[in-house]
Amino acid sequence: MKGIFCKINIGEGKLTIIQFFAAYKVLLGNKVYIVCISPIYAERDAKDIIKKYFYNNLNIKVGAATEEKIYSLDIVYGDIIQFSSDILLQDYEFIKRRGKRGYDVVIIDEVDRMCIDYIGAKIQLTKRISGYQSFYTFYYLIIYAFTLIAFEMNLTKNRKDIEDKRDIIKNQVLLRLMGNSFYLDNGEEKKNIKKAIPKLITKDKDGKIKLFEIDGKNTFGILYPNCLKEKIENWIDSVITSFSMVENMDYRIVSNKEKYKRVVPADFCYGSNIWNEALHQILQIINDAEIFPENINTNFLLLISFFKKYKELYGLTGDIGSKFNQETLQNLYNVEFYFIPPNFEILLNKRSELFFSDEKKWQSKIINEIKEIFLENRSVLLVCSSINDGEKFANILKKNGIFNIKKYFIEKHKNAVEEVLEQKYVIIASNIARDGVYIKLSKNLQEVGGLHVILSYIPINQRFEEQIYRKAIISGKKGSYSLIFMYNSDNPNLTVESIKKKREAVEKEKVEFF
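Fair warning: this is a prediction, and the values are worked out from it, not measured in the lab.

About the cut-offs
Residues numbered from 1 in each chain as written. Predicted model: local features only at pLDDT ≥ 70, side-chain atom pairs only at ≥ 80, totals over all residues. Heavy atoms only, no water. Helix = DSSP H or I, 4+ residues; strand = E, 2+ residues; numbered from the N terminus. Buried < 20%, exposed > 50% of the residue type's maximum accessible area, 1.4 Å probe, protein only. Contact = heavy atoms within 4.5 Å. Areas by Shrake-Rupley, 256 points an atom, 1.4 Å probe, with all protein chains shown as cover. Pairing = 2+ DSSP bridges. Axes fitted to C-alpha atoms, helices over the stretch in contact; angles between N-to-C directions. Salt bridge = Lys/Arg side-chain N within 4 Å of Asp/Glu carboxyl O. Core = buried A, V, L, I, M, F, W, Y, C linked by side-chain atoms within 4.5 Å. Phe/Tyr/Trp six-rings, centres within 6.5 Å; stacked < 30°, edge-to-face > 60°. 1 Å grid on protein atoms, 1.4 Å probe; cavity = no way out; pocket = protein on both sides within 12 Å on 5 of 7 lines; lining within 4 Å. Points joined across faces, edges and corners; volume = space filled by probe spheres on them. Nonpolar A, V, L, I, M, F, W, Y, C, P; charged D, E, K, R; others polar. Parallel < 35°, antiparallel > 145°, perpendicular 65-115°, else oblique. Left-handed = near helix turned anticlockwise from the far one by under 90°.

In this section: the overall build of the protein. What the protein contains, in helices and strands, is 19 helices and 20 strands. The burial tally for the protein puts 50% of its 514 residues in the buried class. In the protein, the share of contacts with a sequence separation of at least 24, taken over all contacts with a separation of at least 6, comes to 72%. Element-wise, carbon and sulfur atoms account for 51% of the exposed surface of the protein, whose accessible area totals about 25,700 Å².

This is the structure we're talking about:
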């Protein structure tokens, strides 16, 4: 396999280049896969009217991997989860999703995301565990035991505090569960726990799980097969993790058509990911949502292995990363790098770059900067680390007399970024703003200096950071940016530069592992 990765500035025709190059490869007799960052963007590009017109004129058949009987077509748009799942289903479950389609050419949209950020990631096939309802007994008991211990230890939801005490907490929960004694303080607590799980209790015959009274009064215990010991320890870890997880920051609550509540990851639009080791089920219980059974992993495919299946590998991105990242990709995939010369001059100006340890000062700085931008008759894209932070800033802005606010937290808010942006507006967005977002600016807004981007947290790497900033300068428009974030530290000599160096060292260590 020999491939090519190219860097191209944002707004300079990346999707058009992919479209033309894919068509060229088809006309040479190849079947082409185009890997997008999410199924949403895959379907968008596959069904785009202009693209369809172009492909139809060349008699090229195109579709999205989510459709049935799609792999006979010339070009298939899809996300990495769908493509990998179809391979696993055909190879191990003998479900002929792909038919006889080979591995000719793959083109990656956003190389840095697929090949660097997700390095080491894997797609897994899972199956439902027989008798999974019996596990619910343990989930409830572990949650209940942890709640008592959290109260006794005066635990807060501070993640660092919880991580520092994780081993102690875990041992305390294990003592109560594995010591066959689950102590309840009073009759009311005993009544509550018996009420919570009456239908889930099984008899202990043949080693099955059972909840039972030891002395007929206040002491309960559990019997379990030895093979579940490791599982129980993992479930305890998941309960501890869930304690510090925050709705609209780590996960979201959504409702389906039947209005049943579901718990999904905060970045659910980028795939159908779930948490392992019953963390998902525990969050469902805590939030009184619909409970889906825990599954076991049967087969998996590493993303590295997925891309290595293809005879030809190509990809485009706005940022290919550092020299170290490039060398890593060259060694992994045997690719060459090319940098497409910019068509437009980059007119991006840095306004400020600073951090605060005090939340109110941090919020105040961001609000004041938005007011300053409004005095220039410009608009702002404020990118937050979570929906919670975004909602907080929306409320603070309203209290400060700023009401021209658009929210872009989840995919259904996409109208906020699809409409032409006028002067003196604030778009408040979550991480979803990183990908596939092209904000159209009105002529008046462009004339006064364009869009100003405020990044209110420090992202996991420099590429992520720069991709957010570039939302201000699509297609040669003028723009500016600021990085204003919270960072708690006792080091008085800490600087933004030193924080970034520490961040890049963490990423380098992660990539070096592979």
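Strand order in the open sheet formed by six strands is β15-β20-β19-β16-β18-β17, with parallel pairing between adjacent strands. Of all strands in the sheet, those with a lone pairing partner are β15 (348–356) and β17 (405–408), marking the two edges. Each strand of the sheet is rotated relative to its neighbour by a mean of 15°, with strand direction disregarded. Note that β17 and strand β18 (residues 426–429) share four bridges and pair parallel. Residue pairing across strands places Tyr408 opposite Ala429, the latter belonging to β18. Across the face of the sheet, helix α14 (residues 359–375) comes into contact with β15, β16 (379–383), β18, β19 (451–455) and β20 (479–486) while running at roughly 160° to β15.

Attention shifts here to the pattern of salt bridges. Enumeration over the complete set of coordinates arrives at 30 salt bridges. With a closest N to O distance of 3.5 Å, Glu43 and Lys47 form a salt bridge. Of this pair, Glu43 and Lys47 both sit in helix α2 (residues 39–47), four residues apart, which is roughly one turn of the helix. A residue is classified by how much of its surface remains accessible, and Glu43, at 28% relative accessible area, is partly exposed.

By size, the foremost hydrophobic cluster in this structure holds 87 residues, and its most contacted members are Phe5, Ile75 and Phe307. Excluding residues that lie within four positions of it along the chain, Phe5 makes contacts with Ile108, Val111, Cys115, Leu313, Tyr314, Gly315, Ile320, Leu329, Val335, Glu336, Phe337 and Tyr338. The next biggest cluster of nonpolar side chains, apart from the first, holds 26 residues, and it includes Ile142, Leu155, Ile162 and Val173.

This brings us to the packing of aromatic side chains. Applying the stated criterion across every chain, the model contains 21 aromatic pairs. Each ring, one from Tyr33 and one from Phe83, has its centre 5.5 Å from the other, and the planes form 80°; the classification is edge-to-face. Of this pair, Tyr33 sits in strand β2 (residues 32–36) while Phe83 sits in helix α4 (residues 80–92), placing them 50 residues apart in sequence. Residue Tyr33 is classed as buried on the basis of its relative accessible area, which comes to 1%. Ring centres of Tyr103 and Tyr310 lie 5.3 Å apart, and the angle between their planes is 80°; on these two criteria the pair is classed as edge-to-face.

Before going further, it helps to examine the sheet that holds strand β1 (residues 2–7). Spatially, β3-β4-β2-β5-β13-β1-β14 is the arrangement adopted by the seven strands of the open sheet, whose pairing is parallel. Unpaired on one side and paired on the other, β3 (62–64) and β14 (335–339) mark the two borders of the sheet. Shown here is a sheet whose adjacent strand axes are inclined to one another by a mean of 20°, direction ignored. Relative to strand β5 (residues 105–109), β2 is paired through four bridges, and the arrangement is parallel. Bridge assignment links Val35 to a residue of β5, and that residue is Ile108. Packing of helix α13 (residues 323–333) onto the sheet brings it into contact with β1, β13 (312–317) and β14, and relative to β14 it is tilted by some 140°.

Moving on, we get to unusual backbone geometry. Despite not being glycine, Asp288 has its phi angle at roughly 55°, a positive value. The residue Asn334 is not glycine, and still its phi comes out positive at about 60°.

What follows deals with empty space enclosed by the protein. All told, the structure shown has two cavities of 30 Å³ or more when counted by the stated rule. Looking at the second largest cavity, its volume works out to about 30 Å³. Looking at the second largest cavity, the residues that line it are Leu15, Ile18, Gln19, Ile34, Asp45, Lys51, Tyr77 and Asp109. Tallied by class, residues from the lining of the second largest cavity come to four nonpolar, one polar and three charged.

Okay, the packing of α14 against helix α15 (residues 387–399) next. One can describe the packing of α14 onto α15 by two numbers: an axis separation of 11 Å at closest approach and a directional angle of 60°. Classified by the interaxial angle, the pair formed by α14 and α15 is oblique. In this structure, the crossing between α14 and α15 has a hand that is right-handed. On α15, the residues that touch Glu359, Trp362, Gln363, Ile366, Ile367 and Ile370 of α14 are Asp389, Lys392, Phe393, Ile396 and Leu397.

Geometric values such as these leave the question of function open.
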